[in-house]
Amino acid sequence: MPNIKPVSDLRNYTEVLKEVSMGSPVYLTKNGRGEFAIIDMKELDELNAVKGLFSALEKGEISAREKGWISADDVEISLGL
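Source: prediction; values computed, not measured. (Residues numbered from 1 in each chain as written. Predicted model: local features only at pLDDT ≥ 70, side-chain atom pairs only at ≥ 80, totals over all residues. Heavy atoms only, no water.)

### A short note on the pairing of strand β3 (residues 33-38)
The two faces of a sheet get side chains in turn, since along a regular strand they alternate between them. When strand β2 (residues 26-30) meets β3, the two strands line up antiparallel, connected through five bridges. Counted as the bridge partner of K30 is R33 from β3. Between β2 and β3, which pair antiparallel one after the other, the connecting turn spans two residues, and N31 there sits at a positive phi close to 55°. (Pairing = 2+ DSSP bridges. Helix = DSSP H or I, 4+ residues; strand = E, 2+ residues; numbered from the N terminus.)

### With respect to the pairing of strand β1 (residues 3-6)
Burial of β1 is one-sided: the residues N3 and K5 facing one way are buried, the residues I4 and P6 facing the other way are not. Here β1 runs beside β2; their pairing, made up of four bridges, is parallel. For K5, the partnering residue across the bridge sits in β2 and is L28. (Buried < 20%, exposed > 50% of the residue type's maximum accessible area, 1.4 Å probe, protein only.)

### What to know about the pattern of salt bridges
Per the counting criterion, the structure on display carries three salt bridges. A salt bridge links K18 to E15; its shortest N-O distance comes to 3.2 Å. Of the two residues, K18 and E15 are both situated in helix α1 (residues 13-18); the distance of three residues between them amounts to about one turn of the helix. Judged by its relative accessible area of 38%, E15 falls in the partly exposed class. One salt bridge connects R65 with E61, and the closest N-O pair in it is separated by 3.2 Å. Here R65 pairs with E61, and both are found in helix α2 (residues 41-67), just four residues apart, close to one helical turn. Residue E61 is classed as partly exposed on the basis of its relative accessible area, which comes to 30%. (Salt bridge = Lys/Arg side-chain N within 4 Å of Asp/Glu carboxyl O.)

Next comes the structure, spelled out in structure tokens:
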């Protein structure tokens, strides 16, 4: 179940931060609407790594569409397999 709190709870931020853990962010609302999320730094690093991976995969997909695909045999040859 998501941990949702009003942003005003940050007046006692140490208590809010105690509730943040890997895979368990705290979501903050402002005027009753979702506005912010507090996440563990390790989780942020993982999210950034996944974002980078998806970006690289997208570039590869675009390149393949524009320049054509490489056959599996050609990949094995270029890798020396």
